[in-house]
Amino acid sequence: MKITGIRTFLMHVGQPDPANWASDQRSSSGASKQFGGTRNWLFLKIDTDEGITGIGECSGWPRVVETAIHDLAPLLIGEDPAHTERLWQKMHIAMMGHGMLGTVGGGAMTGIDMALWDIKGKALGVPVWMLLGGKVRDRIPIYSHANTPERALAIKARGIKAIKCGGVADPVRKVAALRDAVGDDMDIAIDLHGPPWLTPADACRLVRALEPYELMWVEDPIAPENIDGYRRIRDAAHVPLAAGERSATIFGERELIEKELVDVIQPDTGRAGGITQMKKIAAMAEAHHIQMAPHSGSLGPVAEYAALHLLAAIPNALILERLDDDWDGRRQTIVPHPQQVDGLIAVPDGPGLGCDIDEAFVARFPSNGNVSVPQSAGAYNPGTDNEHLYVQTRQSRRTYFNR
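Residues numbered from 1 in each chain as written. Predicted model: local features only at pLDDT ≥ 70, side-chain atom pairs only at ≥ 80, totals over all residues. Heavy atoms only, no water.

Student: Lay out the environment of R7 in plain terms, naming residues and giving numbers.
Tutor: One can find R7 in strand β1 (residues 3–12). Considered as a pair, R7 and D71 are 64 residues apart in the sequence and their alpha carbons are 12 Å apart. Those residues within four positions of R7 in sequence are excluded, and the remaining contacts are F43, L44, K45, D47, T53 and E359. In this structure the side chain of R7 is engaged in a polar contact, spanning 2.9 Å, whose partner is the side chain of D47. (Helix = DSSP H or I, 4+ residues; strand = E, 2+ residues; numbered from the N terminus. Contact = heavy atoms within 4.5 Å. Polar contact = N/O pair within 3.5 Å; in protein donor to acceptor, adjacent residues only side chain to side chain.)

Student: Requested: an account of unusual backbone geometry, with residues and values cited.
Tutor: That bond from V335 to P336 is cis: its omega, -10 degrees, falls within 30 degrees of zero. Tracing the backbone shows P336 in the loop between β13 (334–335) and β14 (340–341). The backbone of D220 sits at a positive phi, close to 45 degrees, despite the residue not being glycine. Following the sequence through the fold, D220 ends up in the loop between β8 (217–219) and α8 (227–236). The exposure class assigned to D220 is buried, which follows from its relative accessible area of 5%. Despite not being glycine, S396 has its phi angle at roughly 50 degrees, a positive value. One can find S396 in the loop between β17 (373–376) and α14 (397–400). On the basis of relative accessibility, which here comes to 54%, the residue S396 falls in the exposed class. (Buried < 20%, exposed > 50% of the residue type's maximum accessible area, 1.4 Å probe, protein only.)

Student: I'd like a description of the nonpolar core, backed by residues and values.
Tutor: Of all hydrophobic cores here, the largest spans 65 residues; its most connected members are V218 and I265. Those residues within four positions of I265 in sequence are excluded, and the remaining contacts are A243, G244, E253, L256, I257, I281, A285, I290, Q291, M292 and A293. If you look at the next biggest cluster of nonpolar residues, it comprises 25 residues, including F9, V13, I357 and F365. (Core = buried A, V, L, I, M, F, W, Y, C linked by side-chain atoms within 4.5 Å.)

Student: Provide a residue-level description of the packing of aromatic side chains, including the pertinent values.
Tutor: Given two aromatic rings, one states the distance between the centres and the angle between the planes to describe the pair. This structure, assessed with the given rule, holds six aromatic pairs. Seen in terms of ring centroids, W41 and W327 are 5.8 Å apart; in terms of plane orientation they differ by 70 degrees. Their pairing is edge-to-face. Within this pair, whereas W41 is found in strand β3 (residues 40–48), its partner W327 is found in the loop between β12 (320–321) and α12 (329–333), the two being separated by 286 residues in sequence. Classification of W41 by relative accessible area gives buried; the value is 1%. Through pairs of rings, three or more aromatic residues link up here, namely W41, F43, W327, F361 and F365. Directly above the ring of F9 sits K45, whose terminal nitrogen or CZ lies 5.8 Å from the centroid. (Phe/Tyr/Trp six-rings, centres within 6.5 Å; stacked < 30°, edge-to-face > 60°. Lys NZ or Arg CZ within 6 Å of the ring centre and 35° of its normal.)

Student: Report on the pairing of strand β7 (residues 187–191), specifying residues and quantitative values.
Tutor: Among the five residues that make up β7, four are buried, leaving the element largely enclosed by the rest of the structure. With five bridges joining them, strand β6 (residues 162–166) and β7 adopt parallel strand pairing. Bridge assignment links C165 to a residue of β7, and that residue is I190. Read from β6 through helix α6 (residues 171–182) to β7, the crossover connection turns out right-handed. Looking at chain direction, β7 and β8 are connected through three bridges and run parallel. Bridging across to β8, D191 finds its partner in E219. As a crossover connection, the stretch from β7 through helix α7 (residues 200–210) into β8 is right-handed. (Pairing = 2+ DSSP bridges. Right-handed = clockwise from strand over helix to strand, strands pointing away.)

Structure representation (structure tokens):
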């Protein structure tokens, strides 16, 4: 079998309702406000001379990643898609001269690698999880997003047993209100978004203030480059830490894992380097007693399918992030749509990934822009929103860090 071509499918996607998304951010951009945001999904298909087509999804700045895919395509035309590891290495070494691999390169390789695994599964007539070593579990637990008690209670009523809130505007009071609403029988996590709004000292103080609420984890409490800062936070508070969504490949996740700076590693299923890399990251994490909970908050449904296959096959799978109601078009984009019952999703059994996109539906939503300046009410110190700072120390600390 030989690869004959790669096709891409870029679409503009509706933003989730702020109450239904673990963020307190709003976006400012020059893009069309057709959907009120700049979120894009990028899918690709790899065609072969035997009529088998593989599907994948890419994240990490989708509009730019699409260009990277077309630049990589000539390296893959004529290759046997079965050799996933060799083709991954070939792409990686081809991009090395451009500098350290970032989210654009990671996103491009992710979608290509995902599609190669899909082809292999279809050719052999087995699901991808079978190629990864078989199933450890038949159903995957999920968590959803909630920023208000009302939303949290609605999620609980659907049988989902975990939620994540987000933002740094008023985190302690937000978590306290959620815990009061849902009680002790529901897990709560908080995403601080790897912010420019917290230094390690501020993050230590905040995480200590969150200790009484017995959180599932505190996610991205500081900027992702500040690896040493994670050690300060671990030494300061007894709360599980989670991070890793902004890094790609085993090389990007290595320090968080080897230095045991997190309890939960969160590679993004659309930009971590593909199933080939996600399986390796999971194995690295397992050796350090670290759980895996793939990042999926801004991704489309194909990457979700890939995450289901991975989590079915690895022993240290914790939970899957899922926004099943973020945009009405999600269900129309994918065939079939995953079925969720009582906070669990059945692992797909079809050959390969077991899904496809509705190409005609995707084509109805051309991209209108994919970059914005995040603005968060209350996240920056008062009067500094227009400075767009990447590093800032909290003021009014007495008010901010206490309920």
